[in-house]
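# Coordinate analysis (summary)
Listed here are the chains, written in short residue letters.
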Amino acid sequence: MPTFYAQVFVTLKPSILDPQGRTVERALSHLDYANVSGVRIGKYIELTLTGERAEVETELAAIVENVLSNPIMENARWELKEAREVAGT
Amino acid sequence: MKTAVIQFPGSNCDADALHAARLTLDPDAQFVWHTETALPAGTELVFLPGGFSYGDHLRSGAIAARSPIMTAVKAHAERGGYVLGVCNGFQVLTEARLLPGALSRNRDLHFHCAPVHLRVENAQTAFTAAYQPGQIIEIPIAHGEGNYYANPDTIARLEAEGRVVFRYLDNPNGSLNDIAGIVNEQGNVLGMMPHPERAVEMLLGSEDGLGIFESLKACVVK
């Protein structure tokens, strides 16, 4: 049974205020990084799944949509790599 | 009114919720642990208390909303049974999709713990009939993630249908339209960030939360 590594990226929707991102952006500005804008803070989640690629993709899509993110306020995307593709890393 | 207070790992207002329920609604109100799959027979009110269920991991209320007892709570709500979610309980209700919208970080990133003033916007619900329309009440808040958000269509619908039950006079967290509490379409599920169970005795500074429990009690007598 193949093993897959999933990387999930969850971010607040653009319409949602991100007070953490704004605070970091202000701090960067205080540190004289005058060219930085649009700081948004999100979440990064890793998972390992086993199964055939098609079923793992379907399962992961459901996990991301139903549990790992709240579609009311967050966007999520994921990447899936088979273990042998990343062997040695 | 037979009351069940659900306990999740990390609930910390469960004892207050039970105390308020026993004082006002049901001397035999009891705790129900989150791993249970059924509510006690005859349960009329499910009280989802405040706290930090599962340490607020992933998102506040997210894991609790998917715990075993919630299937029974959803069935109870669908049957028309009453559900009251306070603070983390409100977050659980939105995560369980029993109420629309979501609660995110307070706009100033601070945890706010203070008495606040609310206006009773709808005094015709099962939870608010004991109040006067427009009555101003004082109830404490204690939360870091109470910033109510929903898409513009949902907000417009909540407003048009009178489902915004409580509104902050001085918005502490950035909630859209100063929303402090809402009911579902059927009117049997209330979620609110302020803690009415902490305002049922003058010893603790306010009795203004009593109205919610008195309203519910009157529903049963009817």
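Residues numbered from 1 in each chain as written. Chains lettered and ligands numbered in written order. Predicted model: local features only at pLDDT ≥ 70, side-chain atom pairs only at ≥ 80, totals over all residues.

## Digging into the overall build of chain A
What counts, and what does not: What counts as a helix is a DSSP run of H or I of at least four residues, what counts as a strand is a run of E of at least two, and both are numbered from the N terminus. Radius of gyration: over C-alpha atoms. The globule rule applied is 2.2 Å multiplied by the number of residues raised to the 0.38 power.
Looking only at helices and strands, chain A has two helices and three strands in total. Its C-alpha radius of gyration of 17 Å places chain A more than 25% over the 12 Å reference for a compact globule of 89 residues. Structurally, chain A occupies a C-alpha span of about 50 × 35 × 15 Å along its principal axes.

## Some thoughts on helix H3 (residues 88-95) of chain B
Residue and element names in this part refer to chain B. Selection rule: Any residue surrounded by 20 or more other C-beta atoms within 10 Å of its C-beta is treated as buried, while 12 or fewer makes it exposed and the intermediate range makes it partly exposed; C-beta atoms here are placed from the backbone.
Counting buried positions over the eight residues of H3 gives eight, a clear majority of the element. Restricting attention to buried positions, one finds in H3 the residues Asn88, Gly89, Phe90, Gln91, Val92, Leu93, Thr94 and Glu95. Following H3 by one or two positions, arginine 97 adopts a phi angle in the positive range, close to 65°.

## Observations regarding unusual backbone geometry
What you tend to see is this: most non-glycine residues have negative phi, and most peptide bonds are trans. All names here are of chain B. Not every positive phi belongs to a glycine, and leucine 58 is a case in point at roughly 70°. Here leucine 58 lies in the loop between strand E3 (45-48) and helix H2 (69-78). Unusually for a residue other than glycine, leucine 109 sits at a positive phi of about 65°. Positionally, leucine 109 belongs in the loop between strand E5 (102-104) and strand E6 (112-120).

## Observations concerning helix H1 (residues 14-24) of chain B
Inclusion rule: The reported arc concerns the directions from the helix axis to the C-beta atoms and nothing else.
Turning to H1(B), its buried residues number three or more, namely B:Asp14, B:Ala17, B:Leu18, B:Ala20, B:Ala21 and B:Thr24. Relative to the axis of H1(B), the buried residues are bounded by an arc of 165° and lie together on one face.

## Digging into the environment of A:Arg77
Residue and element names in this part refer to chain A. In this fold, arginine 77 is placed in strand E3 (residues 74-82). You can call arginine 77 exposed: it has 11 C-beta atoms within 10 Å. Here the alpha-carbon distance between arginine 77 and glutamate 65, two residues 12 residues apart in the chain, equals 9.4 Å.

## Focus: the interface of chain B and chain A
Applied cut-off: A pair of residues counts as a contact when their C-beta atoms, built from backbone coordinates, are within 7 Å of each other. When residues are sorted by character, Ala, Val, Leu, Ile, Met, Phe, Trp, Tyr, Cys and Pro go into the nonpolar class, Asp, Glu, Lys and Arg into the charged class, and all the rest, Gly among them, into the polar class.
With 12 residues of chain B in contact, the opposing surface of chain A contributes nine residues. Classifying every residue of the side of chain B that touches chain A by side-chain character gives three nonpolar, three polar and six charged.

## Some details on the sheet that holds strand E9 (residues 164-168) of chain B
Residue and element names in this part refer to chain B. Going by this rule: Think of it this way: DSSP has to see at least two bridges between two strands before they count as a pair. Only the contacting stretch of a helix is used when fitting its axis, a line to C-alpha atoms as for every element, and angles between N-to-C directions run 0 to 180 degrees.
What the nine strands build is an open sheet, ordered E2-E1-E3-E4-E11-E10-E9-E6-E7; its pairing is mixed. Taken across any chain shown, the strands that pair with only one partner, and hence form the sheet edges, are strand E2 (30-33) and strand E7 (136-143). On average, each strand axis in the sheet is inclined to that of its neighbour by 25°, with strand direction left out of account. Direction of pairing for E6 relative to E7: antiparallel, over a ladder of eight bridges. Paired with arginine 119 across the bridge in E7 is isoleucine 136. Each of strand E1 (3-7), E2, E3, strand E4 (82-86) and strand E11 (189-192) is contacted by H2, which is oriented at about 125° to E4, the strand it contacts most.

## Thoughts on the nonpolar core
Threshold: Joined through C-beta atoms within 7 Å, a set of buried Ala, Val, Leu, Ile, Met, Phe, Trp, Tyr and Cys residues constitutes a nonpolar core.
In this structure, B:Phe47 and B:Val83 are the most contacted members of the largest nonpolar core, which totals 70 residues. Once residues lying within four places of it in the same chain are set aside, the contact partners of B:Phe47 are B:Thr3, B:Ala4, B:Val5, B:Ala17, B:Ala21 and B:Leu84. One finds A:Phe4, A:Val56, A:Leu60 and A:Leu68 within the second-largest nonpolar core, a separate group that totals six residues.

## Regarding the sheet that holds strand E1 (residues 3-12) of chain A
Residue and element names in this part refer to chain A. The three strands are arranged E2-E1-E3 in an open sheet whose pairing can be described as antiparallel. The sheet terminates laterally at strand E2 (43-50) and E3, the two strands that pair on one side only. Strand-to-strand twist across the sheet, computed as the mean angle between neighbouring axes with direction ignored, equals 20°. Sheet topology places E1 next to E3; nine bridges connect them, and they run antiparallel. Across the sheet, leucine 12 pairs through a bridge with glutamate 74, a residue of E3. Packing of helix H2 (residues 53-68) onto the sheet brings it into contact with E1, E2 and E3, and relative to E3 it is tilted by some 155°.

## What to know about the confidence of the model for chain B
Operational definition: Predictor confidence is given residue by residue as pLDDT, running from a minimum of 0 to a maximum of 100.
Of the residues in chain B, 99% have a pLDDT of 70 or more, and the chain-wide mean is 96. Per the prediction output, this complex has pTM 0.94; the corresponding ipTM is 0.86.

## Comments concerning the environment of B:Gly81
All names here are of chain B. Along the chain, glycine 81 falls in the loop between H2 and E4. Its 17 C-beta neighbours within 10 Å are what place glycine 81 among the partly exposed residues. The contact partners of glycine 81, leaving out residues within four places of it in the chain, are Thr43, Glu44, Val46, His76 and Asn188.

## Description of the pairing of E2(B)
Residue and element names in this part refer to chain B. Definition in use: Here, the term right-handed applies to a crossover whose path from the first strand over the helix to the second runs clockwise when the strands point away from the viewer.
Across four bridges, E1 lies against E2 in parallel orientation. Each bridged residue has a counterpart across the sheet, and for valine 5 the counterpart in E2 is phenylalanine 31. Once the chain exits E1 it traverses H1 before rejoining the sheet at E2, and the crossover so formed is right-handed.

## Focus on the environment of B:Phe127
Residues and elements named next belong to chain B. Its place among the elements puts phenylalanine 127 in the loop between E6 and E7. Overall, the presence of 28 C-beta atoms within 10 Å leaves phenylalanine 127 in the buried class. Separated by 43 residues in sequence, phenylalanine 127 and leucine 84 place their C-alpha atoms 8.7 Å apart. Setting aside its immediate chain neighbours within four residues, phenylalanine 127 contacts Leu84, Val165, Leu190, Ile212, Ser215 and Leu216.

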